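One-letter residues, chain by chain:
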Amino acid sequence: MTSTAASVQPGSFLTLHYRLSGPAGVVVSTFEGSPATLTLGTGQLSPALEAALLGLAEGTHTTLDLPAGAAFGERSADMQQWLARQELIDMGVEDEQYAVGDVLHFPTPDGDGQFGGVILEFRTSAKGDAVKLDFNHPLAGQPVSFEVQLIGVL
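Here goes a summary of the coordinates provided.

Reading the values: the criteria
- Residues numbered from 1 in each chain as written.
- Predicted model: local features only at pLDDT ≥ 70, side-chain atom pairs only at ≥ 80, totals over all residues.
- Heavy atoms only, no water.
- Phe/Tyr/Trp six-rings, centres within 6.5 Å; stacked < 30°, edge-to-face > 60°.
- Helix = DSSP H or I, 4+ residues; strand = E, 2+ residues; numbered from the N terminus.
- Buried < 20%, exposed > 50% of the residue type's maximum accessible area, 1.4 Å probe, protein only.
- Lys NZ or Arg CZ within 6 Å of the ring centre and 35° of its normal.
- 1 Å grid on protein atoms, 1.4 Å probe; cavity = no way out; pocket = protein on both sides within 12 Å on 5 of 7 lines; lining within 4 Å.
- Points joined across faces, edges and corners; volume = space filled by probe spheres on them.
- Nonpolar A, V, L, I, M, F, W, Y, C, P; charged D, E, K, R; others polar.
- Polar contact = N/O pair within 3.5 Å; in protein donor to acceptor, adjacent residues only side chain to side chain.
- Contact = heavy atoms within 4.5 Å.

**Some remarks on the packing of aromatic side chains**
So, step 1. Under the criterion given, the structure shown has 4 aromatic pairs.
So, step 2. Ring geometry for Tyr18 versus Phe146: centroids 6.3 Å apart, planes at 70°, classification edge-to-face. Remark: Phe146 occurs in strand E9 (residues 144–153) and Tyr18 occurs in strand E1 (residues 13–22); sequence separation between them is 128 residues.
So, step 3. A centroid spacing of 5.5 Å and a plane angle of 25° characterise the contact between Phe106 and Phe115, whose relative ring orientation is stacked.
So, step 4. The buried category is assigned to Phe106, whose relative accessible area is 1%.
So, step 5. Judged by relative accessible area, Phe115 falls into the partly exposed class, the value being 36%.
So, step 6. Its guanidinium or amino end placed over the ring of Trp82, Arg123 lies 4.0 Å from that ring's centre, counting from NZ or CZ.

**Here's the deal with the layout of surface pockets**
So, step 1. Roughly 410 Å³ of internal volume is contained in the largest pocket.
So, step 2. Phe115, Gly116, Phe135, His137 and Pro138 are, among the 19 residues lining the largest pocket, the residues nearest its centre.
So, step 3. When residues in the lining of the largest pocket are grouped by element, the largest group, 6 residues, is from strand E7 (residues 114–125).
So, step 4. Residues of the lining of the largest pocket, tallied by class, amount to 9 nonpolar, 7 polar and 3 charged.
So, step 5. Quantified by volume, the second largest pocket comes out at close to 230 Å³.
So, step 6. The wall of the second largest pocket is formed by 14 residues, among which Tyr18, Leu20, Val28, Gln44 and Leu45 lie closest to the centre.
So, step 7. Contributions of two or more residues to the lining of the second largest pocket are made by E1, strand E2 (25–29) and strand E3 (36–39).
So, step 8. A per-element tally of the lining of the second largest pocket places E3 first, with 3 residues.
So, step 9. Across the lining of the second largest pocket, the residue classes break down as 10 nonpolar, 4 polar and no charged.

**A short note on the side chain of Ser46**
So, step 1. Note on placement: Ser46 falls in the loop between E3 and helix H1 (47–53).
So, step 2. A polar contact is formed between the side chain of Ser46 and the backbone oxygen of Ala71, at a distance of 2.8 Å.
So, step 3. Residues contacting Ser46, with those up to four places away along its chain left out, are Ala71 and Phe72.

Keep in mind that these numbers describe shape and distance, not what the molecule does.
Structure below.
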């Protein structure tokens, strides 16, 4: 009796190691720790990354190169916003000393997750302190290398 390895289909439950890299280096990697588990189609990966996984067989270890903007879209100026320091405090971001380049984590509207914004600059005025944040994905507008080791496909 022969068996064939399961392959990734829409809705597949996956156990995998993955590494996302851009021109500046590795942004996230699970290879040094526990593998990730996710279900395709639930938004845990970008649609382009999910599409790149479709059809891959369990046990595959490969690197997929996506052109600039394909994995996380283009950078958008609309994703850069000024927030008053008081707004940060009201959203539960602790009142600390921040520096340009720091990543602040915010709760999602449903309270079940988090998203990050990178501090771009500060402004002090008569109306109070404000922080300009960039909510673009760190790899938006860049070519992405997506290394994947599929451990299990259900």
